[in-house]
Amino acid sequence: ANDNIVRIWNTDTSDCRELVGHEGDVNSIAYSRDGITLVSASDDHTCRLWDVTNGTQLRIFRGATAEVCHVVSSPNDGTVFAAVGEDH
């Protein structure tokens with residue numbers, strides 16, 4: 001759905017947690033290695049860091065001048081991520 005929400009489902013219980021905050025379509029997400037946080041990339045020119053255990057938005061990363069298309073988390077401790085977008 002193009003409603004700017006990241007949804008996380010528990011496959012055992014079918015419970016769904018919604019991460020609400022983006023103002024544009026969400027294009028990509030990447031979990032941290034420990035599974036506690038994830039980063040999302042959006043058409044709203046931001047990446048956002050979330051605590052998936054409670055749905056809290058921890059931080060907004062601004063600076064892109066266009067849509068952010070893809071994000072990956074570092075394989076070490078998850079404190080670094082890289083994003084690519086439509087910036088020129």
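A few points on the structure. Per chain, the residues get numbers from 1 upward, laid out in the order the sequence is written. Given that this is a predicted model, residues contribute local features only at a pLDDT of at least 70 and side-chain atom pairs are listed and counted only at 80 or more, while totals for whole chains, interfaces and linings are drawn from all residues. Note that the side-chain values use all heavy atoms of the structure and ignore hydrogens as well as water.

Details of the packing of aromatic side chains
Okay, so step 1: Here the aromatic set is Phe, Tyr and Trp, taking the six-membered ring for Trp, and pairing holds for ring centres within 6.5 Å; pairs whose planes are under 30 degrees apart are stacked, those over 60 apart are edge-to-face, and all others are tilted. For the structure on display, the rule yields 1 aromatic pair.
Okay, so step 2: Where F61 meets F81, the ring centres are 5.1 Å apart and the plane angle is 75°; that geometry is what we call edge-to-face. With F61 in strand β6 (residues 56-61) and F81 in strand β8 (residues 81-85), this residue pair connects regions lying 20 residues apart in the sequence. Strands are runs of DSSP state E lasting at least 2 residues, helices are runs of H or I lasting at least 4, and numbering of each runs from the N terminus.

Notes on the sheet that holds strand β4 (residues 37-42)
Okay, so step 1: In this scheme, strands are said to pair when DSSP sees at least two bridges between them. Spatial ordering of the open sheet is given by β3-β4-β5-β6, a layout of 4 strands whose pairing is antiparallel. Each having just a single partner strand, β3 (26-31) and β6 make up the two edges of the open sheet. On average, each strand axis in the sheet is tilted by 25° relative to the strand beside it, whichever way the strands run. Here, axes are lines fitted to C-alpha atoms. For helices the fit covers the stretch in contact, and angles between N-to-C directions go from 0 to 180 degrees.

Remarks on the side chain of S32
Okay, so step 1: Following the sequence through the fold, S32 ends up in the loop between β3 and β4.
Okay, so step 2: Per-residue accessibility, obtained with a 1.4 Å probe over protein chains only, is compared with the maximum for each type, and a residue is labelled buried under 20%, exposed over 50%, and partly exposed between these values. We classify S32 as buried; its relative accessible area is 9%.
Okay, so step 3: Two N or O atoms count as a polar contact when they lie within 3.5 Å, although within protein this holds only if one can serve as hydrogen donor and the other as acceptor, and sequence-adjacent residues are included solely when both atoms are side-chain atoms. Among the polar contacts listed, one links the side chain of S32 to the side chain of D34, at a separation of 2.5 Å.
Okay, so step 4: Residue contacts follow a heavy-atom distance rule, with two residues in contact if any of their heavy atoms lie within 4.5 Å. What S32 contacts, discounting residues up to four positions off in sequence, is T37, L38 and S73.

Digging into the environment of G55
Okay, so step 1: Relative to the helices and strands, G55 resides in the loop between β5 (47-51) and β6.
Okay, so step 2: In sequence terms G55 and R7 are 48 residues apart; their C-alpha atoms lie 9.8 Å from each other.

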